[in-house]
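# Summary of structural features
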Amino acid sequence: MTATNGFEGDLLIRNLLELFNERNGITRRKLLSELWSENAVFIDPEGAHQGREKIDQAVERLFDSFPGFSFSVSGPVKSQHGIGYLPWATARPVSHNRFQGSMSVWWKAVS
């Protein structure tokens, strides 16, 4: 994989910083319709969530489980052949409680 700041990188970063940090449901659902296809699948430890409505519910559960936490990018975006990788971290402001992980995405062009 190579580091990228192109379309794929921008998409991953916007998804993390804008969508996964957006507490306002109306704004978040607007972002979901812009960034995710109708039948997209988001997978987290709770399972696979297909469709924008289910993804929105999964993100809301994250907010309920980790109140006050926000996501940040913790390394370079990498992509190759329609697969992207973005390392992230999340923490509460002024807190030592911090989690790290990564987001991997597979996408294909829709005509």
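Predicted model only: the values in this text are computed from it and were never measured. (Residues numbered from 1 in each chain as written. Predicted model: local features only at pLDDT ≥ 70, side-chain atom pairs only at ≥ 80, totals over all residues. Heavy atoms only, no water.)

## Observations regarding the overall build of the protein chain
Under the convention used in this document: Helix and strand definitions follow DSSP, with helices as H or I runs of at least four residues and strands as E runs of at least two, each counted in order from the N terminus. Accessible area is worked out with a 1.4 Å probe on protein chains only. A residue is then buried under 20% of its type maximum, exposed over 50%, and partly exposed in between. Accessible surface is estimated by sampling points in the Shrake-Rupley manner with a 1.4 Å probe; for residues, cover comes only from the protein chains shown.
Helix and strand counts for the protein chain come out as three helices and seven strands. Residue burial in the protein chain is summarised as follows: out of 111 residues, 33% are buried. Approximately 7200 Å² of the protein chain is accessible, and the part contributed by carbon and sulfur atoms is 54%.

## Overview of the confidence of the model for the protein chain
Condition: pLDDT runs from 0 to 100 and stands for how confident the predictor is about each residue.
For the protein chain, the average pLDDT comes to 82, and 78% of its residues sit at 70 or higher. Looking across the protein chain, the model is least confident in strand β1 (residues 2-3), with a mean pLDDT of 48, and most confident in helix α2 (residues 25-35), with 96.

## Describing the pairing of strand β3 (residues 47-50)
Put simply, side chains in a regular strand alternate between the two faces of the sheet. For clarity, the threshold we go by: Between any two strands, pairing holds if DSSP finds at least two bridges.
The pairing of strand β2 (residues 41-44) with β3 spans four bridges and is antiparallel. What sits directly across from Ile43, in β3, is Ala48. The hairpin turn running from β2 into β3, its antiparallel successor, is two residues long.

## Notes on the nonpolar core
Rule in force here: In plain words, nonpolar cores are sets of buried Ala, Val, Leu, Ile, Met, Phe, Trp, Tyr and Cys residues tied together by side-chain atoms within 4.5 Å.
Membership of the largest hydrophobic core comes to 18 residues, with the highest contact counts inside it found for Leu19, Phe20, Trp36, Phe42, Ile55 and Val59. Elements with a contribution of two residues or more to this core: α1 (7-19), α2, α3 (52-65) and β6 (83-91). Among the elements that take part in this core, α3 stands out by supplying four residues, more than any other.

## Overview of the pattern of salt bridges
The cut-off we apply is this: Here, a salt bridge means any Lys or Arg side-chain nitrogen found within 4 Å of an Asp or Glu carboxyl oxygen.
Under the counting rule described, the total for this entry stands at six salt bridges. The closest approach of N and O atoms between Asp56 and Arg28, which form a salt bridge, is 2.5 Å. You can see Asp56 sitting in helix α3 and its partner Arg28 sitting in helix α2, a full 28 residues away along the chain. In this pair, the class of Asp56 matches that of Arg28, namely buried. A salt bridge links Arg29 to Asp56, with the nearest nitrogen and oxygen atoms 3.0 Å apart. You can see Arg29 sitting in helix α2 and its partner Asp56 sitting in helix α3, a full 27 residues away along the chain. For Asp56, a relative accessible area of 8% gives the class buried. If you follow the salt bridges from partner to partner, you end up with Arg28, Arg29, Asp56 and Glu60 in one network.

## A look at the packing of aromatic side chains
Put simply, the test is: Each pair of aromatic rings taken from Phe, Tyr and Trp, with Trp reduced to its six-membered ring, is defined by centres within 6.5 Å and is described as stacked if the planes are under 30 degrees apart, edge-to-face if over 60, and tilted in the remaining cases.
Within this structure, the stated rule accounts for five aromatic pairs. Ring plane angle 50 degrees and centroid distance 5.4 Å describe the contact between Phe20 and Phe42, whose orientation is recorded as tilted. A residue pair is termed long-range when its members are at least 10 positions apart, and Phe20 in the loop between α1 and α2 and Phe42 in strand β2 qualify at 22 residues. We classify Phe20 as buried; its relative accessible area is 3%. Overall, Phe42 belongs to the buried group, its relative accessible area being 12%. For the ring pair Phe20 and Phe71, a centre distance of 5.9 Å and an interplane angle of 80 degrees mean the geometry is edge-to-face. With a gap of 51 residues between them, Phe20 in the loop between α1 and α2 and Phe71 in strand β4 (residues 70-73) connect regions that are remote in the sequence. Under the relative-accessibility criterion, Phe71 is labelled buried at 16%. These aromatic residues form a ring-pair network of at least three members: Phe20, Trp36, Phe42, Phe71 and Trp88.

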